[in-house]
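Geometric and topological summary
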Amino acid sequence: TGQDVRKGALGSVYAVRDFFQIDPQLITPLECVDWHALSKEGLSYPDGLEADTVTDRVASLSQSAGAELLQAVGRAELRALTRRAHALGKKVIFDLVLMQTSRDCPLIDTHPEFYVRDEEGRPAIHRIAWLVYSDVALFDLAFNEPLQQYLLEVAPYWIEACDLDGVRIDASQTVDRPFLKRIKNRIQACKPEALVLGETLCPLHEAVDVPVDMVYALMVDFHRDVEHARPLCDFLEEMHECFAPGTVAMAYFENHDSPRATQVWCDKYRTRLDEDEAAF
């Protein structure tokens, strides 16, 4: 349409408006919160509020106090989700986008020096081949020390606040290599066992020096409506050959919101898989 696309009150994870807030639409409304249950998850009340009085005072909170309390609830709910996952033997990581923000991010006004500018002086739009991401504003990341210092604090904040286990770095091959190393070191200073997962969109031989623990290989050629498994098997073989023994690689079969190739195959060949042991 040529119009900016908004994906929720704080944007999508790829066009975020605030790196340090949870989208209010994802948080339980204050009038529906079980305050005592969230207190067990370490809910930190703003000054002047506590579990025994907060229910009676929610309706009279100022807009800023209500927003602050809502974020505290969101962090507590995320901690509850993470701890439940840990109890099931799972880890929880979050997406860390280092190249851009939404086009209504306050940083555009408070730190205009953080952004690449177009010919008219506006924050540049992200373009890849024929794709135009009109909802994002590109960071001027390389050698921009104030911006890098700001971004270095994002992952440790969420890891410490919500017991998260690490990050998946969006399009890690586009991020300045020295800065990627600083990000990894900063995260693991905060949590030594943290996972630092790097998505790569480039040929694998160009990605092997990305200083992350694992490579998220976005299989754009295989992720949906695939008829045969051979191209995917060949890709996995290529991946295996590119990395030293002992490297941990994680391969995902989906491209963001697209159907998973594994599900496509399962639906199409379910009967045969059930009846043919060799095919299974």
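We now turn to the structure provided with this report. (Residues numbered from 1 in each chain as written. Predicted model: local features only at pLDDT ≥ 70, side-chain atom pairs only at ≥ 80, totals over all residues. Heavy atoms only, no water.)

1. Topic: the overall build of the chain
This is how the line gets drawn: Only DSSP runs of H or I with at least four residues qualify as helices, and only runs of E with at least two residues qualify as strands; both kinds are numbered from the N terminus onward. Think of it in three bands: with a 1.4 Å probe and only protein chains considered, a residue is buried below 20% of the maximum accessible area for its type, exposed above 50%, and partly exposed in between. Any pair of residues with heavy atoms lying within 4.5 Å of one another is described as a contacting pair. Residue burial considers only the protein chains on display, and all accessible areas are found by Shrake-Rupley using a 1.4 Å probe.
When you go through the chain residue by residue, the secondary structure sums to nine helices and nine strands. Scored against the burial criterion, the 280 residues of the chain give a buried share of 41%. In the chain, 67% of the contacts between residues at least 6 apart in sequence involve partners at least 24 apart. Looking at the chain as shown, the accessible area adds up to about 16100 Å², and 53% of this sits on carbon and sulfur atoms.

2. What to know about the pairing of strand β6 (residues 166-169)
To keep things clear, this is the line we draw: The pairing criterion for strands is at least two bridges between them, as found by DSSP. When the strands point away from the viewer and the connection leading from the first strand across the helix to the second strand turns clockwise, the crossover is called right-handed.
The two faces of β6 match: Gly166 and Arg168 on one face and Val167 and Ile169 on the other face are all buried. Two strands pair when backbone bridges link them, and strand β1 (residues 94-96) and β6 are joined in this way by three bridges, in the parallel orientation. Residue Leu96 lies in a different strand from β6, and its bridge partner there is Ile169. For the handedness criterion, the β-α-β arrangement of β6, helix α7 (residues 177-190) and strand β7 (residues 195-200) is classed as right-handed.

3. Observations regarding the pattern of salt bridges
Heads up, the condition is: Should a side-chain nitrogen of Lys or Arg be within 4 Å of a carboxyl oxygen of Asp or Glu, the pair is scored as a salt bridge.
Taken as a whole and assessed by the stated rule, the structure comprises 13 salt bridges. In this structure, Asp104 engages Arg17 in a salt bridge whose closest nitrogen and oxygen atoms are separated by 3.8 Å. With a gap of 87 residues between them, Asp104 in the loop between β2 (100-102) and α4 (107-110) and Arg17 in the segment before α1 (35-39) connect regions that are remote in the sequence. Residue Asp104 is classed as partly exposed on the basis of its relative accessible area, which comes to 33%. On the basis of relative accessibility, which here comes to 33%, the residue Arg17 falls in the partly exposed class.

4. Side note on the packing of helix α3 (residues 63-87) against helix α6 (residues 154-162)
This is how it is decided: Each axis is a line fitted through C-alpha atoms, taken for helices only over the stretch in contact, and angles between the N-to-C directions span 0 to 180 degrees. Each angle is binned into one of four classes, with values under 35 degrees roughly parallel, values over 145 roughly antiparallel, values of 65 to 115 roughly perpendicular, and all other values oblique. Gly falls in the polar group here, along with every residue not listed as nonpolar (Ala, Val, Leu, Ile, Met, Phe, Trp, Tyr, Cys, Pro) or charged (Asp, Glu, Lys, Arg).
For the pair α3 and α6, interaxial distance at closest approach is 8 Å and the crossing angle is 70 degrees. As far as their axial angle goes, α6 and α3 are roughly perpendicular. Residues Arg75, Leu78, Arg79 and Thr82 of α3 lie in contact with α6, whose contacting residues are Tyr157, Trp158, Ala161 and Cys162. Class assignment of the residues belonging to the contact of α3 with α6 gives a composition of five nonpolar, one polar and two charged.

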